[in-house]
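Read off the chains here:
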Amino acid sequence: MSISGRVKRMVFWIGLAVLVAFMVFVRVSPIDPAVWHVPVAADQDRDLAGGAVRVVPGDAEMLQRMDAVLRDVPRTRVLDGSVQTGHITYVTRSAVFGFPDMTTVQLRDGEIRLFARLRFGASDLGVNRARLERVISAAQR
């Protein structure tokens, strides 16, 4: 085998090792509720590069329906909070790499404020916005 063939093979294996290490890091990196389970400060709809905010009229019954919808989203779990406190944060992981996205739902002053955002990277390609719109639509039926 030539030197260039060995170099290509070595680069391949190093790249694969880096990818596997990153995937493990994404999966096992802790998610601190003190950082992510915070009040939703925004009071109007916003689309962000790494997430989205939606504000809809709502009450405790609507919050309960949203909680049920979010708990049914694949690969989603509650990070902190409850319907009883009116403030819940969920973690939803992507199917292939397991990237975590946080969704905080808060009932305040006759409104339900939803804030979905990514943890890693700069853009979520609209995934969080689409999830919020599906949750709102399903809860309003």
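Residues numbered from 1 in each chain as written. Predicted model: local features only at pLDDT ≥ 70, side-chain atom pairs only at ≥ 80, totals over all residues. Heavy atoms only, no water.

**Regarding the sheet that holds strand S3 (residues 76-82)**
Quick reminder of the rule: Strands were regarded as paired on the criterion that DSSP finds at least two bridges between them. Strands are runs of DSSP state E lasting at least 2 residues, helices are runs of H or I lasting at least 4, and numbering of each runs from the N terminus. Axis definition: a line fit to C-alpha positions, over the contact stretch in the case of helices; interaxial angles, taken between N-to-C directions, run 0 to 180 degrees.
What the six strands build is an open sheet, ordered S1-S2-S6-S5-S4-S3; its pairing is antiparallel. The open sheet terminates on both sides in strands that have one partner only, identified here as strand S1 (46-48) and S3. The sheet shows a mean angle of 15 degrees between the axes of neighbouring strands, taken without regard to direction. In terms of strand pairing, strand S5 (residues 100-108) meets strand S6 (residues 111-118) through eight bridges, oriented antiparallel. The residue bridging Met102 from the neighbouring strand is Arg117, located in S6.

**Structural notes on the environment of Thr92**
Stated formally: Only protein chains enter the accessibility calculation, which uses a 1.4 Å probe. A residue is then buried if its area is under 20% of the maximum for its type, exposed if over 50%, and partly exposed in between. In protein, a polar contact means a hydrogen-donor-capable atom and an acceptor-capable atom, both N or O and within 3.5 Å, with residues adjacent in sequence counting only if both atoms are side-chain atoms; elsewhere, any N or O pair within 3.5 Å suffices.
Checked against the element boundaries, Thr92 lands in strand S4 (residues 87-93). Among the residues examined, Thr92 registers a relative accessible area of 4% and is labelled buried. Separated by 30 residues in sequence, Thr92 and Ala122 place their C-alpha atoms 17 Å apart. Polar contacts involving the side chain of Thr92 include one to the side chain of Thr76, which spans 2.8 Å.

**Here's the deal with the pairing of strand S2 (residues 51-57)**
Counting buried residues along S2, six of its seven residues qualify, which places the element largely inside the surrounding structure. Inspection of the sheet shows S1 paired to S2 by three bridges, in the antiparallel sense. From the neighbouring strand, Arg46 faces S2, where its bridge partner is Val53. Turn length for the S1-S2 hairpin, with the two strands adjacent in sequence and antiparallel, is two residues.

**Considerations on the pattern of salt bridges**
What counts, and what does not: We count a salt bridge whenever a side-chain nitrogen from Lys or Arg sits within 4 Å of a carboxyl oxygen from Asp or Glu.
Using the criterion set out here, one finds six salt bridges in the structure. We note a salt bridge from Glu133 to Arg54, for which the minimum N-O separation is 3.0 Å. Of this pair, Glu133 sits in helix H4 (residues 127-140) while Arg54 sits in strand S2; the two residues are 79 residues apart in sequence, bridging distant segments of the chain. Relative accessible area serves as the criterion here: at 8%, Arg54 is assigned to the buried category. The salt bridge involving Glu111 is made with Arg113; its shortest N-O contact spans 3.2 Å. With a relative accessible area of 25%, Glu111 lands in the partly exposed category. Salt bridges sharing common partners tie together Asp47, Arg54 and Glu133.

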